[in-house]
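Structural description and commentary
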Amino acid sequence: MEQFNYRLDYLRELESESIFIIREVAAQFENPVILFSGGKDSILVTHLARKAFYPAKIPFPLLHIDTGHNFEETLTYRDEMVSRLGVRLKIASVQELIDTGELTEESGFNATRNYLQTPVLLKAIEDGKYDVALGGARRDEEKARAKERFFSHRDEFGQWDPKNQRPELWNLFNGKKRSGEHFRVFPISNWTELDVWMYLAVEKIPLPSLYFSHTRSVFERDGMLLANHPAILRRENEVPFDEIIRFRTIGDITCTGAVRSPATSLDDIIEEVATSRTTERGGRADDKRAETAMEDRKKQGYF
């Protein structure tokens, strides 16, 4: 990390800003929850929340939307982290709503449960009576997320209107809402992917093994490497093969692409990200369904 030490002061500024926002959430809202996917950004938000209230435990529960098609490594990491930190974990299951007939699963080669997360998330927020959900979205990830403020108002249907957002001048945040409405708050909005990796290295935060180079059975589809898994229906010409890969993002198996990479350490990942010309969500099949795929999902209540 020696070559990156010159950014340490900047990382502490980002840390301070994020902790301030998390504490502002605790001050303004009655029943917050942290959205936890098991990915690096939600891990970072959880770590910052731990710092914000240390030596007390994190006063908010974690909410995981379980698609039923998660990587096993993600679930293992989630359970170990929850045990280590002593935090409360709430799980909302996509499979349960499929089983009850409340949701209809997609079929076909491009089927994914990623879109089914939205109604499950909105139901979990309503059932838990959460008035704010903290998430790990960052503005540099995708153009729709670049439109988000720190405090993102959602109406009584959980929907987001990008044209009707509140000003956030001088770090003043307006969390007022009507009954039935809620907020999404994004404490790491101003972080970049490189910032996240550098901070994780400085803080020595444990991460899921999926982020590091490993050999996995994959197949190629539309220029992406997808995990060879029973949840994904392969075409006849999509023949699986073993490849040395890692994942830049962690999501539902059916839409999360891998990248060829020899990176086995955080320093390796930092060097790789610093020189990459591809965005981290460039390997997400769910973002490729339409040019406005992410914004359309966010308007409906997605993360």
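A brief report on the enclosed structure follows. (Residues numbered from 1 in each chain as written. Predicted model: local features only at pLDDT ≥ 70, side-chain atom pairs only at ≥ 80, totals over all residues. Heavy atoms only, no water.)

1. What about the sheet that holds strand β7 (residues 214–221)?
Put simply, the test is: In this analysis, strands are considered paired if DSSP registers two or more bridges between them. Counting from the N terminus, the helices are DSSP H or I runs at least four residues long and the strands are E runs at least two residues long.
Ordered in space as β8-β7-β9-β10, the four strands form an open sheet in which the pairing is antiparallel. Every interior strand has two partners, whereas the edge strands, β8 (224–227) and β10 (259–260), have only one. Here two bridges tie strand β9 (residues 241–246) to β10, and the two strands are oriented antiparallel to one another. Paired with Arg246 across the strands is Val259, a residue of β10.

2. Notes on the nonpolar core
How we decide: Throughout, nonpolar core names a set of buried Ala, Val, Leu, Ile, Met, Phe, Trp, Tyr and Cys residues whose side chains join them through atoms within 4.5 Å. Type-normalised accessible area, obtained with a 1.4 Å probe on protein chains alone, sets the label of each residue: buried when under 20%, exposed when over 50%, and partly exposed for intermediate values. Residue ranges for the domains originate in an automatic or database domain assignment. Contact definition: two residues touch when any of their heavy atoms are within 4.5 Å.
Counting 62 residues, the largest nonpolar core has Ile22, Ile34, Leu48, Phe151, Trp191, Trp197 and Leu207 as the members making the most contacts within it. Looking at which domains feed residues into this core, each of domain 1 (10–196 + 292–300) and domain 2 (208–286) gives three or more. Ignoring sequence-local partners within four residues, the contact set of Trp191 consists of Leu14, Glu15, Ser18, Leu44, Leu48, Arg138, Asp140, Val196 and Tyr199. Core analysis: the second largest hydrophobic core is formed by 16 residues, Val33, Ala92, Ile98 and Ala133 among them.

3. With respect to helix α1 (residues 8–28)
Defined as follows: A helix is expected to span 1.5 Å for every residue after the first. By arc we mean the arc of the directions from the helix axis to the C-beta atoms, nothing more.
Taking 1.5 Å of rise per residue, 21 residues should cover 30 Å, and α1 covers 30 Å from first to last C-alpha, within 8% of that figure. Within the span of α1, buried status applies to Leu11, Leu14, Glu15, Ser18, Ile19, Ile21, Ile22 and Val25. Summarising the axial view, the buried residues of α1 lie within an arc of 155°, below the 170-degree limit, and thus occupy one face. Exposed positions of α1 whose direction lies more than 90 degrees from the buried face are Asp9, Glu13 and Ala27.

4. So, the packing of helix α2 (residues 40–53) against helix α6 (residues 193–203)
Definition in use: Fitting a line to C-alpha atoms yields each axis, with helices limited to the stretch in contact; the angle taken between N-to-C directions then spans 0 to 180 degrees. Throughout this description, any angle smaller than 35 degrees is read as roughly parallel, any larger than 145 degrees as roughly antiparallel, any in the 65 to 115 degree range as roughly perpendicular, and the remainder as oblique. Should the near helix be turned anticlockwise from the far one by less than a right angle, the crossing is termed left-handed; should it be turned clockwise, right-handed.
Put simply, α2 and α6 touch, their axes get as near as 11 Å, and they point 55° apart. Taken as axis vectors, α2 and α6 run oblique relative to one another. The handedness of the crossing between α2 and α6 comes out as left-handed. For the pair formed by α2 and α6, the contact residues are Lys40, Asp41, Leu44, His47, Leu48 and Lys51 on the first element and Glu193, Val196, Trp197, Tyr199, Leu200 and Glu203 on the second.

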